Amino acid sequence: MAGRINDEDVKAVRDAVPIDAVVSEYLQLRNAGGGNLKGLCPFHDEKSPSFQVSPSKGLFHCFGCQEGGDTLTFVMKVDHLTFSEAVERLAAKAGITLRYEEGGYNPSHQRGERIRLIEAHKAATDFYIAQLESPEAEIGRKFLAERGFDQAAAAHFGVGYSPAGWDHLTRFLRGKGFTDKELILSGLSQDGRRGPIDRFRGRLMWPIRDIGGEVVGFGARRLRDDDNGPKYLNTPETPVYKKSQVLYGIDLAKKDIAKASRAVVVEGYTDVMACHLAGITTAIATCGTAFGTDHIKILRRLLMDNGSARVIFTFDGDAAGQKAALRAFEDDQKFAAETYIAIAPDGMDPCDLRLAKGDEAVADLVEPRTPLFEFALRQIVARYDLETPAGRAAALDEAAPVVARIKNSGAQHEVAVQLAGMLGILDTQFVVKRVGQLARWARDRGGKGPTPQRAPQAPAEAARPGHMGAALNLRNPVYATERELLKLALQHPHLVSPAFDAYGVDEFTAAPYAAVRQAIQDAGGAEFGTQDPQEYLVRVRDAAPDDGVRAMVTELAVEAIMRRTVDEMYAGEQLVTVRLRAVDRRVRDVQGTFTRLSGSHGDPEQLTAVQNELWVLQQYGRALRERGAGAL
């Protein structure tokens, strides 16, 4: 049975790996103010960033889908790992050797499945790279040289060679302690008559890395005429490799894509190499599949969908390339970025173009020129005889719905005018109106209207602990003040301590907020937060009774304070408001008790005690109103 990772080592991993560094491997982050960062959420589709990261607290929270947590939670969710696997992955990044309890450390039995498969791919990458230097791999080195790639280029992209024998890699990985089950599961080996054999044999090998830089699969290029397999053979679908969710070169290109707000999509591994070597370091490619929705999600998080973002597709000029371009256009409206198409003269791909005309020709190729929508429309229009009224009408019937799909009304109008020009229709307004009618019809048919507003919740429903975050009626000033005080207690405990720790759980009227207050108390109070802020948040999250309260803790720890200047005066105002409302509630309760006792001629001593409590409460309330935080 796998051992439990030592708690001190888990804490060391949390402290050693900054959350913003980890999250930045998957999406672009920008300043959100107050020391926080924001980006497009990797867990749901959105067009404006609601995903926030707090580096100082080591937490993230999405105000759109309510996902949140610490660095380990993020890695677990984004890469679908177990807790142990996430700790192991981050420990490897930080160079921390983990200790395991209940039986000691045994890598072959105690590391998670995904970690083992990643390690197998890393070992296979090293093996293939070493084999590229062998005499047998001369054919592979020649292939690279003929395409303008020297030894340094091969090393930069980790290109290797798989020997032509049946089980060279399989035997190598067995010697590293990997089981036959792991080798088959990884896709590196496949079942043979007498056991596992190598999947890739006698081919040039490109390691395919995920956005975090881990090798998850391979692309293998045929080199010999007697190889009856496909020209390119990719890793099959595995627990770590989903071809629709990876982009070749994304690990090398992601920083420049985010920096330049530009991505160049090419068709193959050698095209990516050629572009990068020509200075186009934003080039990426799909891995044996069409560019689709999941690929768009990856790029959108890097591009941040700002107004200047550009995506340039390069396709061959043949029929297959045109078909690929039109397929890409099908998903065009899922980008907020502007999309363009680049087709090299004579139909050459970037690799061939670099060989024939040099690096400058490749750089010139990917300069945005032809919008993808224009290319798609021209492909449609070219199929009709525009010399006849019937041909122009038929072309309009097919092209107008394409233009109607453009969501931005201004852009839609402009493209409709261009379409009229392409068709040679002098009555431009006729085409514009036709497109507008189709757009409205599509919206009506699709049931797309104004976004429905969240229905107001009844107070009882809003107060249930299971209803967290946005479901709460935050417009209620009582809840808003309680929320603000909890945010201060989590984010700036030094401003509210020690007064906050004297507040009872019953001073928070919303059940979710009362649960967070209890978690803070169970974690040692805000006073502990003044000593070790990061460990304090970990302890509060651990003290939460369920995932709902834990999510609320994360949300409150990340959400911006409502006041730009956060100081003792502002903190005092929140402390006083929450306490004063609690005092007023107690005054009303005691007044009710006093009225009942007075009317029923109750016990005089009890009546006197209630009267004294009422007087004390009223005096305390008056002091809070007059002296503010000084009366706490």
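None of these values were measured; they are calculated from a predicted model. Throughout this description, residue numbers start from 1 for each chain and increase along the sequence as written. Only residues with pLDDT of at least 70 get local features here, since the model is predicted, and only at 80 or more are side-chain atom pairs given and counted; chain-wide, interface and lining totals rely on the full set of residues. Each side-chain value is derived from all of the structure's non-hydrogen atoms; neither hydrogens nor water enter the calculation.

Draft legend 1. The arrangement of unusual backbone geometry in detail. Omega for the bond connecting serine 497 with proline 498 falls within 30 degrees of zero, at 5 degrees, which places this linkage in the cis form. Each helix is a run of DSSP H or I of at least 4 residues and each strand a run of E of at least 2, with the numbering of both proceeding from the N terminus. The residue proline 498 is located in the loop between α23 (493–496) and α24 (511–522) in this model. Here the phi dihedral of glutamine 66 falls at roughly 70 degrees; this positive angle occurs in a residue that is not glycine. For glutamine 66, the position within the fold is in the loop between β4 (59–62) and β5 (68–70). Even without being glycine, serine 261 reaches a positive phi, approximately 55 degrees. Note on placement: serine 261 falls in the loop between α11 (250–260) and β12 (262–266).

Draft legend 2. Quick look at helix α29 (residues 604–627). Take the number of residues in a helix, subtract one, and multiply by 1.5 Å to get its expected span. For α29, built from 24 residues, the straight-helix expectation of 34 Å at 1.5 Å per residue is met to within 8% by its first-to-last C-alpha distance of 34 Å. Two residues or fewer after α29 comes glycine 628, characterised by a positive phi angle close to 65 degrees.

Draft legend 3. Representation of the nonpolar core within the structure. We define a nonpolar core as any set of buried Ala, Val, Leu, Ile, Met, Phe, Trp, Tyr and Cys residues linked to one another through side-chain atoms lying within 4.5 Å. A 1.4 Å probe rolled over the protein chains alone gives each residue an accessible area, and that area as a share of the maximum for its type sets the label: buried under 20%, exposed over 50%, partly exposed in between. Grouped together as the largest cluster of nonpolar side chains are 75 residues, with contacts concentrated most on Phe51, Phe74, Ile250, Ile257 and Leu299. Grouped together as the second largest cluster of nonpolar side chains are 44 residues, Phe143, Phe157, Val159 and Ile312 included.

Draft legend 4. The arrangement of the environment of arginine 141 in detail. Mapped onto the elements of the fold, arginine 141 is located in helix α7 (residues 138–146). Note: C-alpha distance between arginine 141 and alanine 154 (13 residues apart in sequence) is 9.1 Å. Here a residue-residue contact requires only that any non-hydrogen atoms of the pair lie within 4.5 Å. When residues no more than four places from it in sequence are discounted, the contact partners of arginine 141 are Leu132, Glu133, Ser134 and Pro135. Whenever a nitrogen or oxygen atom comes within 3.5 Å of another N or O atom, the pair is scored as a polar contact, on the condition that within protein one atom can donate a hydrogen and the other can accept it, and that pairs from neighbouring residues in sequence are kept only if both atoms are in side chains. A distance of 2.8 Å separates a polar atom in the side chain of arginine 141 from a polar atom in the side chain of glutamate 138.

Draft legend 5. Quick peek at the pairing of β4. Burial along β4 is two-sided: the face carrying Leu59 and His61 and the face carrying Phe60 and Cys62 are both buried. We treat two strands as partners when DSSP finds at least two bridges between them. What sits between the antiparallel neighbours strand β3 (residues 51–54) and β4 is a turn of 4 residues, in which glycine 58 has the positive phi angle 70 degrees. If you look at the hairpin formed by β4 and β5, you'll find 5 residues sitting between the two strands, and glutamine 66 has a positive phi there, around 70 degrees.

Draft legend 6. Region of interest: the sheet that holds strand β14 (residues 310–314). Spatially, the 5 strands line up as an open sheet ordered β13-β12-β14-β15-β16, and their pairing is mixed. Both edges of this open sheet fall to β13 (283–285) and β16 (370–371), since each of them pairs with a single strand only. Where β12 and β14 come together, 4 bridges link them in parallel fashion. In the strand pairing of β14, arginine 262 is matched with arginine 310. Where α11 meets the sheet, it contacts β12 and β13, and its direction lies at approximately 130 degrees from that of β13. Geometry is summarised by axes, namely lines fitted to C-alpha atoms with helices restricted to the contacting stretch, and by angles between N-to-C directions that run from 0 to 180 degrees.

Draft legend 7. Spotlight on the pairing of strand β10 (residues 215–222). Among the 8 residues in β10, 7 count as buried, and that is most of the element. Judged from the 7 bridges that link them, strand β9 (residues 203–209) and β10 form a sheet pairing that is antiparallel. Residue arginine 209 lies in a different strand from β10, and its bridge partner there is valine 215. Turn length for the β9-β10 hairpin, with the two strands adjacent in sequence and antiparallel, is 5 residues, and the turn residue glycine 213 shows positive phi of about 95 degrees.

Draft legend 8. Main features of the side chain of histidine 295. Along the chain, histidine 295 turns up in helix α13 (residues 293–303). When residues no more than four places from it in sequence are discounted, the contact partners of histidine 295 are Lys243, Ser244, Gln245, Val246, Leu247, Thr286, Thr289 and Ala290.

Draft legend 9. Up close: the state of the cysteines. Two cysteine sulfurs form what is called a disulfide whenever their separation falls within 2.5 Å. Under the defined criterion, the tally for this structure stands at 0 disulfides. Unpaired in terms of disulfides, cysteine 41 finds its nearest cysteine sulfur in cysteine 62, a separation of 3.7 Å. Relative accessible area serves as the criterion here: at 3%, cysteine 41 is assigned to the buried category. In this structure cysteine 351 is a free cysteine whose sulfur lies 9.4 Å from that of cysteine 275, the closest cysteine sulfur available. In this structure cysteine 351 comes out as buried when scored by relative accessible area, which is 3%.

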